[in-house]
Amino acid sequence: MTLITDVRLREILDSRGNPTVEADVVTESGGFGRAAAPSGASTGEYEAVERPTGEAIAAARERAVPRLVGEAYAGNQREVDAILRAADGTDTFSELGANSAVAISMAAAKAGADVLGAPLFQHLGGTFRGETFPTPLGNVVGGGEHAADATDIQEFLAAPVGAPSVQDAVFANAAVHAAVADILDERGEPAGKGDEGAWAPSITDAEAFEVVDEAVNRVENEVGFEVGIGLDVAAAELYDADAGEYVYSDRTRSTDEQIAYVADLVSEYDLVYVEDPLDEDDYEAYADLTDRVGDQTLVCGDDLFVTNVDRLREGIDRGAANSILIKPNQIGTLSDAFDAIELATEHGYEAVVSHRSGETEDTTIAHLAVATDAAFIKTGAVGGERTAKLNELIRIEDDAI
Ligand SMILES: C=C(OP(=O)(O)O)C(=O)O
Ligand SMILES: [Mg+2]
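Criteria and cut-off values
Residues numbered from 1 in each chain as written. Chains lettered and ligands numbered in written order. Predicted model: local features only at pLDDT ≥ 70, side-chain atom pairs only at ≥ 80, totals over all residues. Heavy atoms only, no water. Helix = DSSP H or I, 4+ residues; strand = E, 2+ residues; numbered from the N terminus. Rg over C-alpha atoms; globule rule 2.2 N^0.38 Å. Areas by Shrake-Rupley, 256 points an atom, 1.4 Å probe, with all protein chains shown as cover. Pairing = 2+ DSSP bridges. Axes fitted to C-alpha atoms, helices over the stretch in contact; angles between N-to-C directions. Contact = heavy atoms within 4.5 Å. Salt bridge = Lys/Arg side-chain N within 4 Å of Asp/Glu carboxyl O. Buried < 20%, exposed > 50% of the residue type's maximum accessible area, 1.4 Å probe, protein only. Core = buried A, V, L, I, M, F, W, Y, C linked by side-chain atoms within 4.5 Å. Domains from an automatic or database assignment. Near = heavy atom within 4 Å. Polar contact = N/O pair within 3.5 Å; in protein donor to acceptor, adjacent residues only side chain to side chain. 1 Å grid on protein atoms, 1.4 Å probe; cavity = no way out; pocket = protein on both sides within 12 Å on 5 of 7 lines; lining within 4 Å. Sits in = over half its atoms within 2 Å of the grid points. Nonpolar A, V, L, I, M, F, W, Y, C, P; charged D, E, K, R; others polar. UniProt positions renumbered as here; feature names shortened; annotations may be inferred.

Focus on the overall build of the chain
Here is step 1 of the chain: On a plain count of helices and strands, the chain comes out with 14 helices and 16 strands.
Here is step 2 of the chain: On C-alpha atoms alone, the chain measures out to a radius of gyration of 20 Å, which is about the 21 Å that the 2.2 N^0.38 rule sets for 401 residues.
Here is step 3 of the chain: Considered along the principal axes of its C-alpha atoms, the chain spans approximately 60 × 45 × 40 Å.
Here is step 4 of the chain: Here the chain displays about 15,000 Å² of accessible surface, and carbon together with sulfur accounts for 43% of that area.

So, the sheet that holds strand 3 (residues 32–36)
Here is step 1 of the chain: With antiparallel pairing, the three strands of this open sheet are ordered in space as 1-2-3. Taken across any chain shown, the strands that pair with only one partner, and hence form the sheet edges, are strand 1 (4–13) and strand 3. On average, each strand axis in the sheet is tilted by 15 degrees relative to the strand beside it, whichever way the strands run.
Here is step 2 of the chain: In the packing of helix 4 (residues 98–116) onto the sheet, the strands contacted are strand 1, strand 2 (19–27) and strand 3, and the crossing angle to strand 3 comes to about 150 degrees.

So, the sheet that holds strand 10 (residues 245–247)
Here is step 1 of the chain: Across the sheet, three strands lie side by side as 9-10-11; this open sheet has antiparallel pairing. Only two strands of the sheet have a single partner each, and these edge strands are strand 9 (239–240) and strand 11 (252–254).
Here is step 2 of the chain: Note: strand 10 against strand 11, three bridges, orientation antiparallel. The residue bridging Tyr246 from the neighbouring strand is Arg253, located in strand 11.
Here is step 3 of the chain: Contacting strand 9, strand 10 and strand 11, helix 8 (residues 255–269) crosses the sheet at an angle of about 100 degrees to strand 11.

Comments concerning the pattern of salt bridges
Here is step 1 of the chain: Applying the stated criterion across every chain yields a total of 26 salt bridges.
Here is step 2 of the chain: Of the charged contacts in the structure, one is a salt bridge between Glu257 and Arg251, with a shortest N-O distance of 3.7 Å.
Here is step 3 of the chain: Residue Asp288 pairs with Arg292 through a salt bridge whose shortest N-O separation is 3.6 Å. Highlighted residues: Asp288 and Arg292, both in helix 9 (residues 283–293), separated by four residues, approximately one helical turn.
Here is step 4 of the chain: According to the relative accessible area criterion, Arg292 is partly exposed, its value standing at 43%.
Here is step 5 of the chain: Several salt bridges converge on common partners, so that one network encompasses Arg10, Glu22, Asp24 and Arg34.

A closer look at the nonpolar core
Here is step 1 of the chain: Counting residues in each nonpolar core, the largest one holds 114 residues, and the members touching the most others are Val176, Val180, Phe209, Leu271 and Ile326.
Here is step 2 of the chain: With 11 residues, the single largest contributor to this core is helix 4.
Here is step 3 of the chain: For this core, the two domains that each supply at least three residues are domain 1 (4–117) and domain 2 (135–397).
Here is step 4 of the chain: Look past the residues within four positions of Val180 in its chain and what remains in contact with it is Val140, Val141, Trp199, Val211 and Ala215.
Here is step 5 of the chain: Val272, Tyr273, Cys300 and Phe376 belong to the second-largest nonpolar core, a separate cluster that totals 10 residues.

A word on the pairing of strand 8 (residues 228–232)
Here is step 1 of the chain: Counting buried positions along strand 8 yields five of five residues, so the element is predominantly enclosed.
Here is step 2 of the chain: The alternating pattern of strand 8 places Gly228, Gly230 and Asp232 on one face and Ile229 and Leu231 on the opposite face, and all of these are buried.
Here is step 3 of the chain: Alignment of strand 5 (residues 155–159) against strand 8, held across five bridges, turns out to be antiparallel. Within strand 8, the residue paired with Glu155 across the bridge is Asp232.
Here is step 4 of the chain: Relative to strand 12 (residues 273–275), strand 8 runs parallel, the two being bridged by three bridges. Within strand 12, the residue paired with Asp232 across the bridge is Glu275.

Focus: the site of ligand 1
Here is step 1 of the chain: Taken together, the neighbourhood of ligand 1 is formed by 16 residues, with Ala41, His146, Arg356, Ser357 and Lys378 sitting nearest.
Here is step 2 of the chain: Within the backbone of Ala41, one N or O atom sits 2.7 Å away from an oxygen atom of ligand 1.
Here is step 3 of the chain: Within the side chain of Ser357, an N or O atom sits 2.6 Å from an oxygen atom of ligand 1.
Here is step 4 of the chain: Here ligand 1 has 290 Å² of accessible area as a free molecule, and 100% of this is covered by the chains.
Here is step 5 of the chain: Counting atoms within 2 Å of the grid points, the majority share of ligand 1 lands in the second largest cavity.
Here is step 6 of the chain: Counted by class, the shell around ligand 1 contains two nonpolar, six polar and eight charged residues.

Notes on the UniProt feature "binding site: (2R)-2-phosphoglycerate" (unreviewed entry) in the chain
Here is step 1 of the chain: UniProt marks Gln154, Lys327, Arg356, Ser357 and Lys378 with the feature "binding site: (2R)-2-phosphoglycerate" (unreviewed entry), using the numbering shown here. Of the annotated positions mentioned, Lys327 line the largest cavity.
Here is step 2 of the chain: Relative to the helices and strands, Lys327 resides in the loop between strand 14 (323–326) and helix 11 (328–331).
Here is step 3 of the chain: Note on Lys327: relative accessible area 5%, which makes it buried.

A look at unusual backbone geometry
Here is step 1 of the chain: Backbone geometry at Asp270 places phi at a positive 50 degrees, although glycine is not the residue there.
Here is step 2 of the chain: Position of Asp270 relative to the elements: it lies in the loop between helix 8 and strand 12.
Here is step 3 of the chain: Given a relative accessible area of 60%, Asp270 falls into the exposed group.
Here is step 4 of the chain: Phi at Asp399 is positive, roughly 55 degrees, even though this residue is not glycine.
Here is step 5 of the chain: Topologically, Asp399 is positioned in the segment after helix 14 (384–397).
Here is step 6 of the chain: The class of Asp399 is exposed, set by a relative accessible area of 71%.

Structure representation (structure tokens):
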């Protein structure tokens, strides 16, 4: 019933106005799945390769589609993803493009779910999933590669860890986003928005901490549950490898100073989550920081691990980080993303499923997070391509899928 009978690919717009790949997968019994590839701006050096959209589509039509149509079953995700890997023939999807690969992989999963008449999270995670939910991390202030002339730290995240439901958590993050706007206004700091919908004022990181701390406190008082703060430092973007230092707008920090700085921030702001606090090549510094603060907060590897089991295994061996960011397009298929989550879980690392800064209305990651019982999902606070995922979580919680 889930034999794939057609795979169609097209170029659509992403949230930055750039082209991206959308895939449709159709099965023998009329099952249908559609998915689109997201795209990063602060990409890790070791990510799978995103090809220009037209090239990725042409390559997939030539190399992957003939191997899938009439041959593979959409309900067998591992088979679909193995065919994508074989059709590509490289470790990094540099022939098909990880953008074509991930769109087809996710569309096949949706077609498989459609045939079963099951929600995607259940097809991926089994019948007992859907009772527990990830805490959404909401980007409320940001800069780095996502906005010009804003903070050095890429993302200041609201983390409603005490929320009684996903719906409460999603609304709390939106409330923090609104409170940030009020506080910036009170301070006379105008702000536009960055790529992920976070406010991108031209303020220092120190001021941003003050603003976000106050916003979180205001919302905590309103909602009556704990809302913490998280960060994505995206430190690889700040690191000057030649000089061996982290370059901030107002100063530089050596690796030891960077570790001490982040450890101080964890204590001062009770940070519940710190992503990419150090350069993507520095497992040793990660291990040092994890040693210092790993019992107080999640130290999460995004550019460090790039959803790659080999890099994660090295991190586990070396005690680097205690959490992994999961972005399916960093590795190219859902099977690879699942393998990374499984390896992480086996070793006590928390999985955090994530959007990219360039997104579409695709909701696959909401289902992936529920299917794998991920601790957190990072998918913004506001903006249509972000609320698509957040609203899907609310629907899953409400049994309305
Ligand atoms: C979502 C992120 O940004 P990008 O998609 O630009 O890598 C991130 O760094 O976690
Ligand atoms: Mg990141």
